[in-house]
Amino acid sequence: MPTPEQTHWVILAGGQASRMGGNDKGLIELAGQPFIQHVINTLAPQTSHISINANRNQDLYRQYGDVFGDNIENYPGPLGGMHAALHHIDNDWIGFVPCDCPQLPADLVVRMTAACQPDTDIAVAHNGDYIQPVVTLLHRRILPKLETFLANGDRKIILLYRQCNMITVDFSDQADAFINLNTPEELSQFGVRHESN
C-alpha cells in the first residue's frame, strides 16, 4: 500500500480539446487563473511530486513544472498520457487527474492511497454515481497490458481497467469535485457560479 509521499501525480493536459474549440484546455482561464493552476493549487499541498502531460504549448506549461508529451502519435487520449508517464516517471505508483477539473478534493491523494491494497493495479475515484476514469492511481505493473492494449488500437479506458485488478474509491460526499469543463458554455456557466460563491 503506497503512502502519499510514494506517489507521483500527473496532470493530463495532452488532449485536443475539440469541444473547447481546439483551445488548449489547461491554459484557459477561470477566475483569473488557468485551469492548470487551479489543479496545481489543489494537488501541491497533497504531494511534492507533480508533472504535466502536454502535447502542445510545452514551453508555457514548463513554468508550472516538469512537462512531458505522449510517446504515441495521433492523440490516443488519457491512455496516451498514462503510457508516457509510465516511461517518463520512475515511480511504482503514479496518479492522474485531468486538467479541466478545477475543484478536485483536497484529500484526493490521501484517500486514493489509503484505498490501495498490495494487489491493487488501479484505484479509480467514484463520485457516488459514476466512476471518474481519469482520476486514478495506478501501479506501473500494468504497463505491459497497457502497451498491448494500445498496440491493438484500443482507446476505451474502462476496457483496459477491466483487464486489471481495479478498485473504486468513494468520493460520494464530494460529488461536485469532479465537475469537468469541456465546452465554452460549461466554462461560462461554472464561472458565473464560481464568482457568486
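What you see is a predicted model; the values in this text were computed from it and never measured.

### As for the nonpolar core
Okay, step 1: Trp 9, Ile 11, Leu 43, Val 97, Leu 108 and Met 112 are the most contacted members of the largest nonpolar core, which has 28 residues in total.
Okay, step 2: Listed by contribution, the elements that provide at least two residues to this core are β1 (7-12), α1 (35-43), β6 (93-98), α4 (108-115), β7 (122-126) and β8 (131-139).
Okay, step 3: The element that contributes the greatest number of residues to this core is α1, accounting for four residues.
Okay, step 4: Aside from chain neighbours lying at most four places away, what touches Met 112 is Trp 9, Ala 123, Val 124, Ala 125, Val 135, Thr 136, Leu 137, Val 169 and Phe 171.

### Here we look at the sheet that holds β8
Pairing between the strands of a sheet is mediated by backbone hydrogen bonds and can be parallel or antiparallel.
Okay, step 1: Sheet architecture is open: seven strands sit in the order β5-β4-β1-β6-β8-β7-β9, paired in mixed fashion. With one partner strand each, in any of the chains shown, β5 (66-68) and β9 (166-170) form the two edges of the open sheet. Taking each pair of neighbouring strands and ignoring which way they run, the sheet shows an average axis angle of 30 degrees.
Okay, step 2: Two strands pair when backbone bridges link them, and strand β4 (residues 50-53) and β5 are joined in this way by three bridges, in the parallel orientation. From the neighbouring strand, Ile 52 faces β5, where its bridge partner is Val 67.
Okay, step 3: Packed on one face of the sheet, α1 meets β1, β4 and β6 and runs near 160 degrees to β1.

### Observations regarding the environment of Val 10
Okay, step 1: Take Val 10: it is sitting in strand β1.
Okay, step 2: Along the chain, Val 10 and His 49 lie 39 residues apart, while their C-alpha atoms are 8.5 Å from each other.
Okay, step 3: Look past the residues within four positions of Val 10 in its chain and what remains in contact with it is Ser 51, Asn 53, Phe 68, Ala 85, Ile 89, Ile 94, Gly 95, Phe 96 and Val 97.

Reading the values: rules and limits
- Once a new chain begins, its residue numbering starts again from 1 and follows that chain's sequence as written.
- For a predicted model such as this one, the threshold for reporting local features is a pLDDT of at least 70, and the threshold for listing and counting side-chain atom pairs is 80 or more; totals across whole chains, interfaces and linings nevertheless cover every residue.
- Processing note: side-chain calculations cover all non-hydrogen atoms of the structure and skip hydrogens and water entirely.
- Remark: nonpolar core denotes a set of buried residues (Ala, Val, Leu, Ile, Met, Phe, Trp, Tyr, Cys) joined through side-chain atoms within 4.5 Å.
- Note on classification: 1.4 Å probe, protein chains only; a residue is buried when its accessible area is under 20% of the maximum for its type, exposed when over 50%, partly exposed between these limits.
- Helix and strand definitions follow DSSP, with helices as H or I runs of at least four residues and strands as E runs of at least two, each counted in order from the N terminus.
- What makes two residues a contact is simply this: any of their non-hydrogen atoms within 4.5 Å.
- Paired strands, in this sense, are two strands between which DSSP finds at least two bridges.
- In this analysis, axes come from line fits to C-alpha atoms, helices being fitted only over the stretch in contact, and the angle between any two N-to-C directions falls in the range 0 to 180 degrees.

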